[in-house]
Amino acid sequence: MKIRTRFAPSPTGSMHIGNLRTAFYAYALAKHDKGDFVLRIEDTDKKREVEDGVEDIKDILGIFNIKWEELYVQSERLDLYKIAAEKLVNDGYAFYCECEAKNAKKEGFSLELRDPCRDKKLTSGAIKLRTPENEWITFTDYVLQKKVSWNTSVVSDATLLKTDGFPTYHLAVVVDDNDMNISHVLRGHDWMPSTPIHLLVYKYLGFKVPEIGHLTDIMDPEGGKLSKRKGSTSVRGLLEEGYLPEAIFNFVILLGWAPKDNRELYTLEEFVEFFDPKGFQKGNPVFNREKLDWFNGEYIRNLPEKDLNLKFQMANAKFGELEKEKQIAITKLLKERIKKISDVNDIAKFFWETPVVDKELFGENYKEHLESAIEVFEEIKDWNIENIGTFSLELCERKKFHRGDFFMDLRVAITGMKFTPPINDSILILGKEETLARLSRVVKN
RNA sequence: GGCCCCAUCGUCUAACGGUUAGGACGUCGGGUUUUCAUCCCGAAAAUUUCUGGGUUCGAAUCCCAGUGGGGUCACCA
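As the structure is a computational prediction, the values presented were derived from the model and not from experiment.

Let us look at the protein's contact with RNA strand B. The immediate surroundings of RNA strand B are formed by 66 residues, with Cys99, Lys162, Asn262, Glu336 and Arg337 found nearest. In RNA strand B, the atoms that sit within 4 Å of the protein are 67% sugar and phosphate, with bases accounting for the remainder. Between RNA strand B and Thr44, the relevant distance is 2.9 Å, taken from a phosphate oxygen to a side-chain nitrogen or oxygen of the residue. When grouped by side-chain class, the residues that make up the surface near RNA strand B number 27 nonpolar, 17 polar and 22 charged.

Another aspect to go through is the pairing of strand E7 (residues 146–151). For a regular strand, the rule is simple: side chains alternate between the two faces of the sheet. Where strand E6 (residues 136–141) lies against E7, six bridges are found, and the strand directions are antiparallel. Its bridge partner being in E7, Ile137 is matched across the sheet by Trp150. Count of turn residues in the E6/E7 antiparallel hairpin: four residues, of which Gln145 carries a positive phi of about 55 degrees.

Here the structure, examined in full by the defined rule, presents 33 salt bridges. Between Arg114 and Glu133 there is a salt bridge, with its nearest N and O atoms 2.9 Å apart. Here Arg114, found in the loop between strand E4 (94–97) and strand E5 (126–129), pairs with Glu133, found in the loop between E5 and E6; they are 19 residues apart in sequence, far enough to count as distant. Among the residues examined, Arg114 registers a relative accessible area of 24% and is labelled partly exposed. Given a relative accessible area of 46%, Glu133 falls into the partly exposed group. One connected set of salt bridges, linked through shared partners, spans Arg6, Arg40, Glu42, Arg77, Asp176, Asp177 and Asp179.

With that settled, consider the packing of aromatic side chains. One pass over the full model with this rule turns up 25 aromatic pairs. Every member of this aromatic cluster is reached through a ring pair, and the members are Phe24, Tyr25, Phe64, Phe249, Trp257, Tyr266, Phe271, Phe274, Phe275 and Phe280. Looking at Arg263, its charged tip hangs above the ring of Tyr266, at a distance of 4.8 Å from the centre.

Moving on to a negative patch on the surface. Taken together, the side chains of Glu368, Glu371, Glu375, Glu378, Glu379, Glu394 and Glu397 define an acidic patch exposed on the protein surface. Where the negative patch is concerned, the elements lending two or more residues are helix H14 (366–379) and helix H15 (385–399). With five residues, the top contributor of residues to the negative patch is H14. Residue Glu394 is classed as exposed on the basis of its relative accessible area, which comes to 51%.

Moving on, we come to the pairing of strand E10 (residues 211–215). Burial within E10 is extensive, with four of its five residues counted as buried. Pairing of strand E9 (residues 184–188) with E10, which is carried by five bridges, proceeds in the parallel orientation. Its bridge partner being in E10, His184 is matched across the sheet by Glu211. Handedness of the crossover is the feature at issue here: the chain leaves E9, passes through helix H5 (residues 195–205), returns alongside E10, and the resulting connection is right-handed.

Right, let's talk about the packing of helix H3 (residues 78–90) against H5 for a bit. Packing of H3 against H5 brings their axes to within 10 Å, and their N-to-C directions diverge by 80 degrees. The orientation of H3 relative to H5 falls into the category roughly perpendicular. When H3 is examined against H5, the residues Ala84, Lys87 and Leu88 are found in contact with a partner set consisting of Val201, Tyr204 and Leu205. Class assignment of the residues belonging to the contact of H3 with H5 gives a composition of five nonpolar, no polar and one charged.

Time to look at helix H16 (residues 403–415). Its 13 residues place the ends of H16 18 Å apart at the C-alpha level, agreeing with the 18 Å of an ideal helix rising 1.5 Å per residue. For H16, the set of buried residues is Phe406, Phe407, Asp409, Leu410, Arg411, Val412, Ala413, Ile414 and Thr415. Count one or two residues on from H16 and you reach Gly416, which has phi positive near 80 degrees.

Right, let's get into helix H12 (residues 324–335). Taking 1.5 Å of rise per residue, 12 residues should cover 16 Å, and H12 covers 16 Å from first to last C-alpha, within 8% of that figure. Residues of H12 that are buried: Gln327, Ile330, Thr331, Leu333, Leu334 and Lys335.

On to unusual backbone geometry, then. Glycine aside, the phi torsion of most residues is negative, and most peptide linkages are trans. Phi at Lys34 takes a positive value of approximately 55 degrees, unusual for a residue other than glycine. When its relative accessible area of 70% is taken as the criterion, Lys34 is described as exposed. Although it is not a glycine, Lys400 adopts a positive phi angle of roughly 60 degrees. According to the relative accessible area criterion, Lys400 is exposed, its value standing at 72%.

The predicted model of chain A has a mean per-residue pLDDT of 94, with 98% of residues at 70 or higher. ipTM for the predicted complex: 0.95, alongside a pTM of 0.95.

Taken as a whole, this structure holds zero disulfides when the rule is applied. The structure places no disulfide on Cys97, whose sulfur is separated from the nearest cysteine sulfur, that of Cys99, by 3.6 Å. Judged by relative accessible area, Cys97 falls into the buried class, the value being 2%.

What follows concerns the sheet that holds strand E8 (residues 159–161). With antiparallel pairing, the three strands of this open sheet are ordered in space as E4-E5-E8. A strand with exactly one partner marks an edge of an open sheet, and here the two such strands are E4 and E8. Strand-to-strand twist across the sheet, computed as the mean angle between neighbouring axes with direction ignored, equals 40 degrees. Direction of pairing for E5 relative to E8: antiparallel, over a ladder of two bridges. Across the sheet, the residue bridging to Ile127 is Leu161, located in E8. Relative to the sheet, H3 contacts E4, E5 and E8, its axis offset from that of E4 by approximately 105 degrees.

The rules behind the values
Each chain carries its own residue numbering, running from 1 in the direction its sequence is written. Ligands are numbered from 1 and chains lettered from A, in the order in which they are written. Two thresholds apply to this predicted model, a pLDDT of at least 70 for residue-level local features and 80 or more for giving and counting side-chain atom pairs, whereas whole-chain, interface and lining totals are computed over all residues. To obtain the side-chain values, all non-hydrogen atoms of the structure were used and water was disregarded. By convention in these notes, a residue is near a molecule or strand provided one of its non-hydrogen atoms lies within 4 Å of it. Side-chain atoms alone can form a polar contact between residues adjacent in sequence; in general such a contact is a pair of N or O atoms within 3.5 Å, and within protein one must be able to donate a hydrogen while the other accepts it. Each residue is assigned to one class: nonpolar for Ala, Val, Leu, Ile, Met, Phe, Trp, Tyr, Cys and Pro, charged for Asp, Glu, Lys and Arg, and polar for all the others, Gly among them. Two strands make a pair as long as DSSP finds a minimum of two bridges between them. The helix count covers DSSP runs of H or I at least four residues long, the strand count covers runs of E at least two residues long, and both are numbered beginning at the N terminus. For this analysis, a salt bridge means a side-chain nitrogen from Lys or Arg found within 4 Å of a carboxyl oxygen belonging to Asp or Glu. Burial classes: relative accessible area under 20% of the type maximum marks a residue as buried, over 50% as exposed, and values in between as partly exposed (1.4 Å probe, protein chains only). Only centres within 6.5 Å qualify two rings of Phe, Tyr or Trp (six-membered ring in Trp) as a pair; their planes then separate them into stacked at under 30 degrees, edge-to-face at over 60, and tilted for everything else. Working rule: Lys NZ or Arg CZ, within 6 Å of ring centre, within 35 degrees of ring normal, means a charge sits over the ring. Only residues whose relative accessible area exceeds 30% and that form no salt bridge enter a patch; like-charged residues are grouped when within 9 Å of one another, and nonpolar side chains (Val, Leu, Ile, Met, Phe, Trp, Tyr) when within 5 Å. Here the Shrake-Rupley method, with its probe set to 1.4 Å, supplies the accessible areas, and only the displayed protein chains count as covering residues. Positive charge is attributed to Lys and Arg, negative charge to Asp and Glu, and no charge count is given to His or to the chain ends. Charge positions are represented by NZ for Lys, CZ for Arg, CG for Asp and CD for Glu. Orienting the strands away from the viewer, one traces the path from the first strand over the helix to the second; a clockwise path indicates a right-handed crossover. Lines are fitted to the C-alpha atoms to define the axes, a helix being fitted only along its stretch in contact, and any angle between axes, read from their N-to-C directions, falls within 0 to 180 degrees. For classification, angles of less than 35 degrees are called roughly parallel, those exceeding 145 degrees roughly antiparallel, those between 65 and 115 degrees roughly perpendicular, and all remaining angles oblique. Whether two residues are in contact is decided by their heavy atoms: any pair within 4.5 Å suffices. What a helix is expected to span follows from its residue count: subtract one and scale by 1.5 Å. What pLDDT expresses is the predictor's confidence in each residue, scored from 0 to 100. What counts as a disulfide here is a pair of cysteine sulfur atoms lying within 2.5 Å.

Rendered as structure tokens:
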């Protein structure tokens, strides 16, 4: 049978890194077997829905090259859920309830599993599941590869259809996954506790239960589930910070999944090719920024200069205003020494901004170094890298300057920083005039 | 608190019941280099696989308990 998976996000805010990972896994699981991957928008909570939420989801999937065969929107399928819910009532597996909706509990936890309207035989209101007493319900988790069981006595009379006519997740997933012929359900671990509800609904509706697997949660280094509070975990945020989609993808698929040979580098296509559900981890992984940085560096260095140049242009307007040749030259210098695209803002700033030079950074003989440099540079007729190099070296030789000290003073005077791209290449790009101007400015102050 | 899941270097992880428990990131040291970075080489790092029992000739691998971590208990998903 053909594998069909789905990614079922809610348009309730910016997409989280964990959600994206679920999409990658579901996509790879299907595509590895030439199956279908479908996108389903779960917009059944109108209160929490955000504007452009759906567009944002599609946009992000597009950035990561994830394509779907079919698209469904739950709010357009309300009849289906209503029919299913009413069927459950008619068959005695669900009941109407007119109680006031419970708010999300602020503190503590509710102990009432059974709803007071259970046996009132009402004919309108919300529809809730008539959970049976003391039955064992079991399924084999596709990710965990083990049986998990519950006694229905600890399962609540969950709401299936809300009074506004919208289904809750519990009803909608079951109806949709069945209707859309989903063969494998991959979802967050937080869904595990409500799985018995779904299992009951499957059973009462007479549907075949698909493979269901619960993925690990990505943890925060500080402890607890990764949250927006602690650092940037939204996909947008990471993208804006200067992480490449390829790096984010590669990093995130390896949090919670690993191949037998521990290979580290994967493109989307390669991940699909080598994907094996046996590689799913059971323990929660920790989000490790250093490793993401490493992946990003790898992908930045592998990027064609033309593409990297474009990324810099998008990241920094000032950079984009530079002459084309200068942009390319700077790109080459930056390529090997940045971790994030946004690093261009700091490390290359001196190219379009005269730096504020802190004299503390200079060595003892900096005045002599810089004054000599001005003299020598003025003599250079053809401002090219060979001349800059030989004239400088010759100067150090002649005046017995310590090379490292001389170049460091030059570096600080030109850039205002101690860690910079190669200084000769930098002043070549800056030009003779600007270089001289910066040097004399420092010497005069 | 009830229920459910999980447990190998700091982190991500590999290891037919039989390995000196392997790799990657990070860290440290060295080489290249006019800084930083890249690149190359090397090392430390798991008090031997959370603890305690058991099964077995033999356990990181199987079983049980404890401890620890995580999730969840809404007309939210």
